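Overview (structure and organization)
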Amino acid sequence: MSVPAAYICVILIWSTTPLAIQWSNDEVGFLFGITSRMILGVLGGLLVAGLFSMKLPWHAEARRTYIAAGLGLFFAMTSVYWSSQFIPSGWMSVIFGLAPIITGVMATFWLAEQTLTATRITGMLLGLAGLAIMLLGSQQLGHHALYGIAGMVFSVVAYSASAIAVKRIGADVPALATTIGGLTVTVPLLVILYILTGQPIPEVVPLRAAMSIIYLGLIGSVLGFAMYYYVLRHVEATRVALITLITPVTALMLGHFLNGEALQTETLIGTATILSGLLLFEYGQKAGKWVRDTLIG
């Protein structure tokens, strides 16, 4: 596949994932939706690994990587699915757009990869301001929307902490192996959680929910990750980061047109503020350097 085609595929998959998550929970509950998705994901990943004769590394660092990835996936995705009961699908993508900022802050303290410059701090504050604006808008959705926002923020923190932990371990493990290994940790935890909560297995799964689960398990989990890492190998990291600026907007539009989700003024302003903060956090320093070198120097 060409790199531009893979890039577009990643945008499409990430844009449709929040809406598919909501649809996968219809009449079956969020725990059934996420557990069945992850089981399909690990089976699909093992099938792909078998087709390419890829063996999963099981040395000590690889096992630690799988645990870090699996725990992050468990806490992050369980929170996302739980939160989807309370907020529109587009909001999920917008709030998750804070991930690069939170990851960047964690990397500053735990990986010493970058410093918190004035530009980055301003971007972080803009992101928080956008979140606060969306909190104001959530009042129109009822007090339960606060649960969804809080759950999504927790999900972003869990996702970012997991990414930092995997980075700190620094194991030489292929991306697909990390995905499969992480899923093998996540699935048993989800099954245990399902049993402990006493949730019954649905007798009938509506067609839309079933198709969404299959889509998320095979396309979202397996193909989505594979395409993302393919793009990451062939495109500059800064251009890959642009995906997080595009998908919240497309996810909001999909939620509006396909799921009848209202586009409130606070939602649009909060989204624009969060994306502006992300843009400043990621590219503000480089833009300032370009201005100084080109126009002044």
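Above this note sits the structure.
This report concerns the structure included in the present document. Predicted, not measured: the structure shown is a model, and the values here were computed from it. (Residues numbered from 1 in each chain as written. Predicted model: local features only at pLDDT ≥ 70, side-chain atom pairs only at ≥ 80, totals over all residues. Heavy atoms only, no water.)

Section: the pattern of salt bridges
Where charged atoms of side chains with opposite charge meet at close range, the side chains can pair. In the structure shown here, the tally under the stated rule is one salt bridge. Here Asp26 makes a salt bridge to Arg208, at a shortest N to O gap of 2.5 Å. Linking Asp26 in the loop between α1 (3–24) and α2 (30–51) with Arg208 in helix α9 (residues 207–234), this pair joins segments that are 182 residues apart in sequence. Residue classification places Arg208 among the partly exposed positions, given a relative accessible area of 40%. (Salt bridge = Lys/Arg side-chain N within 4 Å of Asp/Glu carboxyl O. Helix = DSSP H or I, 4+ residues; strand = E, 2+ residues; numbered from the N terminus. Buried < 20%, exposed > 50% of the residue type's maximum accessible area, 1.4 Å probe, protein only.)

Quick word on the environment of Gly270
As for its position among the elements, Gly270 is in helix α12 (residues 265–296). Here the alpha-carbon distance between Gly270 and Leu47, two residues 223 residues apart in the chain, equals 41 Å. If sequence neighbours within four positions are ignored, Gly270 has contacts with Gly130, Ile133 and Met134. (Contact = heavy atoms within 4.5 Å.)

With respect to empty space enclosed by the protein
Going through the model one piece at a time under the given rule, you end up with one cavity of 30 Å³ or more. Estimated volume of the largest cavity: approximately 30 Å³. In terms of lining residues, the largest cavity is bounded by Pro88, Gly90, Trp91, Leu252, Glu261, Ala262, Leu263 and Thr267. Across the lining of the largest cavity, the residue classes tally to five nonpolar, two polar and one charged. (1 Å grid on protein atoms, 1.4 Å probe; cavity = no way out; pocket = protein on both sides within 12 Å on 5 of 7 lines; lining within 4 Å. Points joined across faces, edges and corners; volume = space filled by probe spheres on them. Nonpolar A, V, L, I, M, F, W, Y, C, P; charged D, E, K, R; others polar.)

Some details on the environment of Leu190
Mapped onto the elements of the fold, Leu190 is located in helix α8 (residues 175–197). Judged by relative accessible area, which is 0%, Leu190 ranks as buried. Sequence separation of Leu190 and Thr117 is 73 residues, and the distance between their C-alpha atoms is 40 Å. Leaving out residues up to four positions away in the same chain, Leu190 has contacts with Ile34, Thr35, Met38, Phe74 and Thr78.

Some remarks on the packing of aromatic side chains
All chains considered together, the criterion is met by five aromatic pairs. Here the aromatic rings of Trp58 and Tyr66 are separated by 5.3 Å at their centres, their planes lie at 75°, and the arrangement is edge-to-face. On the accessibility criterion, Tyr66 (1% relative accessible area) is buried. An angle of 70° between the planes, with centres 5.1 Å apart, marks the rings of Phe74 and Phe75 as edge-to-face. Here a set of aromatic residues connected by ring pairs shows up, and it is made of Trp82, Phe86 and Tyr147. The ring centre of Phe281 lies 4.5 Å from the NZ or CZ of Arg120, which sits over that ring. (Phe/Tyr/Trp six-rings, centres within 6.5 Å; stacked < 30°, edge-to-face > 60°. Lys NZ or Arg CZ within 6 Å of the ring centre and 35° of its normal.)

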